[in-house]
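One letter stands for each residue in the lines below.
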Amino acid sequence: VCRFIVFILLSLNHIIYRGDRMSLLSIFADNVKHYRLARNLSQEKLAELSGLHRTYISAIERQQRNISIENIEAISSALNIEAYKLFIERTVDE
C-alpha cells in the first residue's frame, strides 16, 4: 500500500502548481476538510478514527503540517476513501 501511495504522489507531481493554482499541500488540506465535512465528522472524531490528535488534524486542514505517508493512509482509511483522492484538485461544484 505504501508503494502505491508513493507512486500516486509521484504521478500527481504535475498538480503542484505555481502562481494562481493550488499547491499540493493546499489541495490535500482542502480535501481532508471536504471529505470530513461530507461525512459529518468533527476534527475530533476524524482524529479518533485515524488514531491521530485533533490538533494535528486541525494543523493539516490549515496547511501547517507536512504529513507522512502513514498518516495519509490513516486519514484516508478513516474517511473511507482511497488515498489518491486526497491529492486531486476538486472543482468549485464538487
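Residues numbered from 1 in each chain as written. Predicted model: local features only at pLDDT ≥ 70, side-chain atom pairs only at ≥ 80, totals over all residues. Heavy atoms only, no water.

Quick one: what's the story with helix α3 (residues 43-50), residue by residue and with numbers?
Since the α-helix packs 3.6 residues into each turn, any two residues three or four apart lie on the same face. Residues Q43, L46, A47 and S50 constitute the buried set of α3. All buried residues of α3 lie within an arc of 100° about the axis, which places them on one face of the element. Seen from the buried face of α3, the exposed residues on the opposite side, beyond 90 degrees, are E44 and E48. In the core, the buried residues of α3 are packed alongside α2 (24-38), α4 (54-61) and α5 (69-79). The first or second residue beyond α3 is G51, which carries a positive phi of 80°. (Buried < 20%, exposed > 50% of the residue type's maximum accessible area, 1.4 Å probe, protein only. Helix = DSSP H or I, 4+ residues; strand = E, 2+ residues; numbered from the N terminus. Arc of directions from axis to C-beta. Contact = heavy atoms within 4.5 Å.)

If you had to explain the confidence of the model for the protein to someone new, which residues and values would you point to?
Summing up the model confidence of the protein, the mean pLDDT is 85 and the portion of residues at 70 or higher is 74%. When mean pLDDT is compared element by element in the protein, α3 scores highest at 98, while helix α1 (residues 2-11) scores lowest at 58. Throughout residues 13-20 the model reports pLDDT below 50, and contacts reaching past four residues in sequence, or to other chains, amount to 8 contacts. (pLDDT = per-residue confidence, 0-100.)

Go over the packing of α3 against α4 with me, naming the residues and quoting the values.
Contact pair α3 / α4: the axes reach a minimum separation of 8 Å and the direction vectors enclose 110°. The orientation of α3 relative to α4 falls into the category roughly perpendicular. Crossing angle aside, the handedness with which α3 passes α4 is right-handed. Only R54, I57, S58 and E61 of α4 make contact with α3, whose side of the interface consists of Q43, E44, L46, A47 and S50. Of the residues assigned to the contact of α3 with α4, the class counts are 3 nonpolar, 3 polar and 3 charged. (Axes fitted to C-alpha atoms, helices over the stretch in contact; angles between N-to-C directions. Parallel < 35°, antiparallel > 145°, perpendicular 65-115°, else oblique. Left-handed = near helix turned anticlockwise from the far one by under 90°. Nonpolar A, V, L, I, M, F, W, Y, C, P; charged D, E, K, R; others polar.)

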